[in-house]
Amino acid sequence: MIGTHSGTFHCDEALACFMLKCLPEYKDAKIVRSRDPKVLDPLPILVDVGAVYDPAKNRFDHHQRGFSEVFGNGFNTKLSSAGLIYKHFGKKVLSALLPNVGEGETLDKLYMKIYGSFIQEIDGIDNGVLIKDGSQPQNYRISTDLSSRVRYLNPAWNEDSGDIDERFLKAVELTGQDFSQCVQRCAKVWLPARELVAEAIKNRFKIHESGSVVLFDSYCSWQSHLFEIEKEQKLETGSKPPALLYVLYPSGGKWRIQAIAEEEGSFTSRLPLPEPWRGVRGEELSKLTGIPGCVFAHASGFIGGNDTKEGVLAMAEASLKAAAEEPAKKKPKTDSSA
């Protein structure tokens, strides 16, 4: 049996119960909802109740004074019962949902990704952690609003509560559906994209001698992976080579050149396309750049297009060359007669 508290329920213990029931030892376990120690103390595992955090005894509450457990590995949001269960059982849960993944680096990457993109939001909301505190970096992102949807399953103040335990089971089912969907998407969409991005970054010097141009022969979702891999490999950043500056990829039968942002989520590019190109389109842009097949350059310089792969490669080359020449243009002339 799995024990949790009775009364109004929340997203964290509903998800905690779902994750436990993914495991063979709790697959058929009954969920007991109570606040009576005489009922709870004999149970083999408790979540979100009991005022004790002791993994050795399978006690996973986070409400007690002095509790400050976090997931670690760069995540500093205080854990809810969902985060506690994921921290201690998460890899086993993922292995149960993804039997073909096995152990090792792949499982480790999924474990970290799913905490950051799904579980951490629930931890932060349940513990009242601010999404952003002043000028500090953002603590976490809300991407599912699952906590609100679970809250709405509770009876309203002017509504007959009926069987609240049945409502809780609906919450377990709802959190499980969203969690399982996230796990499957990370395994089948996020992970393959990461592998493509890692390979493209590895090959960047084959694309351009600067190492600043990353090319994809087919489009994939690359943004978050690029910044993560860049950080993991401790690559140089900034607005000049060998920092990663441009990504080239096919789109709608043509090709795009996209300036990489300063950081994930930023609207400021590290090296926008040259200012004279911005807002210019078609043949006029081709004449301006001397590059055939130009389609457009965005007014902010963050993206442009060409009919061919060779065209966007030429645009990247010309943009890098223009940026390298810019400091020389601004350098004050010396008086040779002095």
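Rules behind the numbers
Residues numbered from 1 in each chain as written. Predicted model: local features only at pLDDT ≥ 70, side-chain atom pairs only at ≥ 80, totals over all residues. Heavy atoms only, no water. Helix = DSSP H or I, 4+ residues; strand = E, 2+ residues; numbered from the N terminus. Buried < 20%, exposed > 50% of the residue type's maximum accessible area, 1.4 Å probe, protein only. Lys, Arg positive; Asp, Glu negative; His and termini not counted. Salt bridge = Lys/Arg side-chain N within 4 Å of Asp/Glu carboxyl O. Polar contact = N/O pair within 3.5 Å; in protein donor to acceptor, adjacent residues only side chain to side chain. Contact = heavy atoms within 4.5 Å. Pairing = 2+ DSSP bridges. Axes fitted to C-alpha atoms, helices over the stretch in contact; angles between N-to-C directions. pLDDT = per-residue confidence, 0-100. Parallel < 35°, antiparallel > 145°, perpendicular 65-115°, else oblique. Nonpolar A, V, L, I, M, F, W, Y, C, P; charged D, E, K, R; others polar. Disulfide = S-S within 2.5 Å.

1. With respect to the side chain of Asp61
Along the chain, the position of Asp61 falls in the loop between β5 (59-60) and β6 (70-72). Of the side chains with opposite charge, Arg35 comes closest to the buried, unpaired Asp61, at an N-O distance of 7.6 Å. Only 3.5 Å separates the side chain of Asp61 from the backbone nitrogen of Gly50, close enough to count as a polar contact. Setting aside its immediate chain neighbours within four residues, Asp61 contacts Asp48, Val49, Gly50, Ala51, Val52, Tyr53, Phe67 and Leu84.

2. Topic: the sheet that holds strand β9 (residues 246-251)
Sheet strands pair via backbone hydrogen bonds, and the direction of the pair is either parallel or antiparallel. Here five strands make up an open sheet; going across it, the order is β8-β9-β10-β12-β11 and the pairing mixed. Because the sheet does not close on itself, it has two edges, and the strands there are β8 (213-215) and β11 (294-297). Averaged over all neighbouring strand pairs, the angle between strand axes comes to 20°, with direction disregarded. By the bridge criterion, three bridges tie β11 to strand β12 (residues 303-306) in an arrangement that is antiparallel. Paired with Phe296 across the strands is Gly305, a residue of β12.

3. Considering the confidence of the model for the protein
Residues with a pLDDT of 70 or more make up 96% of the protein, whose mean pLDDT is 92. This stretch, residues 331-338, has a pLDDT under 50; its non-local contacts, to residues over four places away or in other chains, come to zero contacts.

4. Quick notes on the pattern of salt bridges
Applying the stated criterion to the full structure yields 11 salt bridges. Taking the shortest distance from any N to any O, the salt bridge between Asp178 and Arg149 comes out at 2.4 Å. Note that Asp178 is positioned in helix α6 (residues 164-202) and Arg149 in helix α5 (residues 146-151), a separation of 29 residues in sequence. Residue classification places Arg149 among the partly exposed positions, given a relative accessible area of 31%. Here Lys309 and Asp217 are joined by a salt bridge, their closest N and O atoms 3.0 Å apart. With Lys309 in helix α10 (residues 309-330) and Asp217 in the loop between β8 and α8 (223-232), the pair connects residues that are 92 residues apart, well separated along the chain. Under the relative-accessibility criterion, Lys309 is labelled partly exposed at 28%. With a relative accessible area of 56%, Asp217 lands in the exposed category.

5. Observations regarding the packing of helix α1 (residues 11-21) against α6
α6 packs onto α1 with a crossing angle of 70° between their chain directions and a minimal axis gap of 8 Å. Classified by the interaxial angle, the pair formed by α1 and α6 is roughly perpendicular. Judged by residue contacts, Cys11, Glu13, Ala14, Leu15, Cys17, Phe18 and Met19 of α1 engage Phe168, Ala171, Val172, Thr175, Gly176, Phe179 and Ser180 from α6. A breakdown of the residues in the contact of α1 with α6 according to their chemical character gives 10 nonpolar, three polar and one charged.

6. Comments concerning the state of the cysteines
On inspection of all chains with the given rule, the structure shows zero disulfides. Between Cys11, a cysteine without a disulfide, and Cys17, which holds the nearest cysteine sulfur, the sulfur-to-sulfur distance is 11 Å.

7. Let's talk about the side chain of Asn154
Of note, Asn154 is situated in the loop between α5 and α6. A distance of 2.9 Å separates a polar atom in the side chain of Asn154 from the backbone oxygen of Phe9. Not counting the four nearest positions on each side in its chain, Asn154 is found in contact with Thr8, Phe9, Glu159, Ile164 and Arg167.

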